Amino acid sequence: MPLPDHIEYQEGTFLFPEELRVYTEQAVSTFRYMKAELEKRFDIRVKQTGQQENADCVLLNTRRNSQSEAYILTVKSTCIEMQADDETGLFYALQSLFQLMEASRERPVRLAAQRVKDMPRFSWRSFMLDEARFFKGEKEVLRLLDVMAQLKMNVFHWHLTDDQGWRIEIKKYPLLTKIGSKRKDSQSGGFNSKTYIGEPHEGFYTQEQIRRILAYAKERHIKVVPEIEMPGHASAAIASYPWLSSSDEKIEVPVYFGKLYSVYNVVDPKVKAFLKDVVSEVIDLFQCDVIHIGGDEVRFNQWEANPAVVAYKKEKGFASFMDIQIEFTNYMSRFIQER
């Protein structure tokens, strides 16, 4: 766990009362979170007070800089003060307070007087969860978001589609989850393993579940970045809608892992329309400024054997099929930016 930028120990200790009186003006969401966590984790009741001089704890949001994540946490013998220039900084001050409280072996909790000044070294502090391979479910994702918040991580990279599974409801294309979210078995022991678990695996998130998870993440100041893979890593989608493929082969959702051959036929206008439809629903749902679409790891075997793709390559004067991959990725990137 990274140490704060500056810690200054002082004389005295603060003893948490059974009911903590908290004063705040501009930190409503942080106060709500603080109240719930103190009661759940430390069995400390919290009461909001309108008088700062009577408070055991003070949350001060100066609102001077909405992009700042810096904070000052001051523990005195008489009270605790948390100050920041925006709500995010206050939230991180609260996490540092909770870390100190967790480290205390005394009950009721007693903390040494100190002053902590801190700000993050990196603006993007991310955790990535790959659910295409193994679906975790809403309860586990919420637990992970709690742990991220405790560690002051602020980006949840959510890998929702790949060859081995499609985990997000797309209302315009229901077969993506009806078919693409299920597979008959799962490889275990690494990419080259011949061992399989021996049981089916399935699961996906409805859009309503995703909205609940997004609200939970927002309360913990975590941005959620969805990953919707293209033009490779497309087997689960192609198993659901075979017309997306660059070949005539009918496939099932793969039970083995690694880089596979199935790839979208990106020169087909219907396929481009499908991918734009999918991305549009994702943008409307997540309301985010970043979407990961991959654009990498495409095996060109199917494109090389597809007359329409070969003709497109010749028409465009491309030197290789990699040029088609790059052109498509740029095309989708522009569409996302315009949306």
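What counts, and where the lines are drawn
Residues numbered from 1 in each chain as written. Predicted model: local features only at pLDDT ≥ 70, side-chain atom pairs only at ≥ 80, totals over all residues. Heavy atoms only, no water. Helix = DSSP H or I, 4+ residues; strand = E, 2+ residues; numbered from the N terminus. Buried < 20%, exposed > 50% of the residue type's maximum accessible area, 1.4 Å probe, protein only. Contact = heavy atoms within 4.5 Å. Salt bridge = Lys/Arg side-chain N within 4 Å of Asp/Glu carboxyl O. Expected span 1.5 Å × (residues − 1). Arc of directions from axis to C-beta. Core = buried A, V, L, I, M, F, W, Y, C linked by side-chain atoms within 4.5 Å. Pairing = 2+ DSSP bridges. Axes fitted to C-alpha atoms, helices over the stretch in contact; angles between N-to-C directions. Polar contact = N/O pair within 3.5 Å; in protein donor to acceptor, adjacent residues only side chain to side chain.

Trainee: What exactly am I supposed to notice about the environment of Trp243 here?
Mentor: Mapped onto the elements of the fold, Trp243 is located in the loop between α6 (235–240) and α7 (269–286). Residue Trp243 is classed as partly exposed on the basis of its relative accessible area of 35%. It is 15 Å that separates the C-alpha atoms of Trp243 and Val253, two residues lying ten residues apart in sequence. When residues no more than four places from it in sequence are discounted, the contact partners of Trp243 are Lys270, Val271 and Phe274.

Trainee: Looking at this structure, I do not really get the pattern of salt bridges. What am I missing?
Mentor: Two side chains bearing opposite charge may form a pair once their charged atoms approach each other closely. This model, assessed by the stated rule, comprises 24 salt bridges. As a salt-bridge pair, Glu102 and Arg41 come within 3.2 Å of each other at their nearest N and O atoms. With Glu102 in helix α2 (residues 87–103) and Arg41 in helix α1 (residues 28–42), the pair connects residues that are 61 residues apart, well separated along the chain. We classify Glu102 as partly exposed; its relative accessible area is 44%. Ionic pairing is found between Lys316 and Glu327, a salt bridge with its closest N-O pair at 3.5 Å. Here Glu327 lies in helix α10 (residues 321–338) and Lys316 lies in helix α9 (residues 307–316), a separation of eleven residues in the sequence. A relative accessible area of 41% means that Lys316 is categorised as partly exposed. The structure contains a network of salt bridges with shared partners spanning Arg32, Asp146, Glu219 and Arg220.

Trainee: Explanation requested: helix α5 (residues 207–219) in the structure shown.
Mentor: One full turn of an α-helix is made of 3.6 residues, so residues set three or four places apart face in the same direction. Under the 1.5 Å per step criterion, the end-to-end length of α5 is 19 Å for 13 residues, consistent within 8% with the ideal 18 Å. Those residues of α5 not exposed but buried are Gln207, Gln209, Ile210, Ile213, Leu214 and Ala217. In a view along the axis of α5, the buried residues occupy a sector of 150°, so they form one face of it. Looking at the packing, one finds that the buried side of α5 touches α3 (138–150), β9 (155–159), β16 (223–230) and α7. Immediately beyond the C-terminal end of α5, within one or two residues, lies His221, with a positive phi of roughly 60°.

Trainee: Help me understand the nonpolar core in this model?
Mentor: If you look at soluble globular proteins, the nonpolar side chains tend to sit buried side by side. Within the largest apolar cluster, 57 residues are counted, with the highest numbers of intra-cluster contacts made by Trp158, Trp166, Ile168, Tyr264 and Phe286. Of the residues forming this core, the biggest block, nine residues, is contributed by α7. If we ignore the near neighbours within four places in the chain, the residues touching Ile168 are Leu160, Thr161, Thr177, Phe204, Tyr205, Ile210, Ile228, Val282, Leu285 and Phe286. Phe42, Ile44, Ile80 and Phe91 belong to the second-largest nonpolar core, a separate cluster that totals 32 residues.

Trainee: Looking at this structure, how should I read the pairing of strand β4 (residues 57–61)?
Mentor: Where a strand is regular, its side chains alternate between the two sheet faces. Buried residues dominate β4, accounting for four of its five residues. Here strand β2 (residues 19–24) runs beside β4; their pairing, made up of three bridges, is parallel. Bridge pairing in β4 places Thr24 opposite Leu59.

Trainee: How should the sheet that holds strand β8 (residues 126–130) be read in this particular structure?
Mentor: Whether parallel or antiparallel, the strands of a sheet pair through hydrogen bonds between backbone atoms. Pairing is parallel across the open sheet formed by four strands, whose spatial order is β8-β9-β16-β17. Of all the strands in the sheet, just β8 and β17 (292–294) have a single pairing partner and so form its edges. The mean angle between the axes of side-by-side strands here comes to 25°, regardless of whether they run parallel or antiparallel. In this sheet, β9 lies alongside β8 in parallel orientation, the contact comprising five bridges. Bridge pairing in β9 links Leu129 to Trp158.

Trainee: Is there a simple way to explain the side chain of Arg220 in this structure?
Mentor: Structurally, Arg220 is set in the loop between α5 and β16. Accessibility expressed as a relative area gives 4% for Arg220, which makes it buried. Polar contacts involving the side chain of Arg220 include one to the side chain of Asp146, which spans 2.8 Å. Here Arg220 is in contact with Tyr33, Phe91, Leu145, Asp146 and Ala149, once residues within four sequence places are set aside.

Trainee: Looking at this structure, how should I read unusual backbone geometry?
Mentor: Negative phi is the rule for most residues except glycine; trans is the rule for most peptide bonds. In this chain, Arg107 is followed by Pro108 through a cis amide linkage whose omega measures 5°. Notably, Arg63 is not glycine yet its phi reads approximately 60°, a positive angle. With respect to the helices and strands, Arg63 occurs in the loop between β4 and β5 (71–75). Phi angles above zero are rare outside glycine, and Gln287 is one such case at about 50°. Relative to the elements of secondary structure, Gln287 occurs in the loop between α7 and β17. With relative accessibility at 64%, the residue Gln287 sits in the exposed group.

Function cannot be read off these values alone, since they describe shape.
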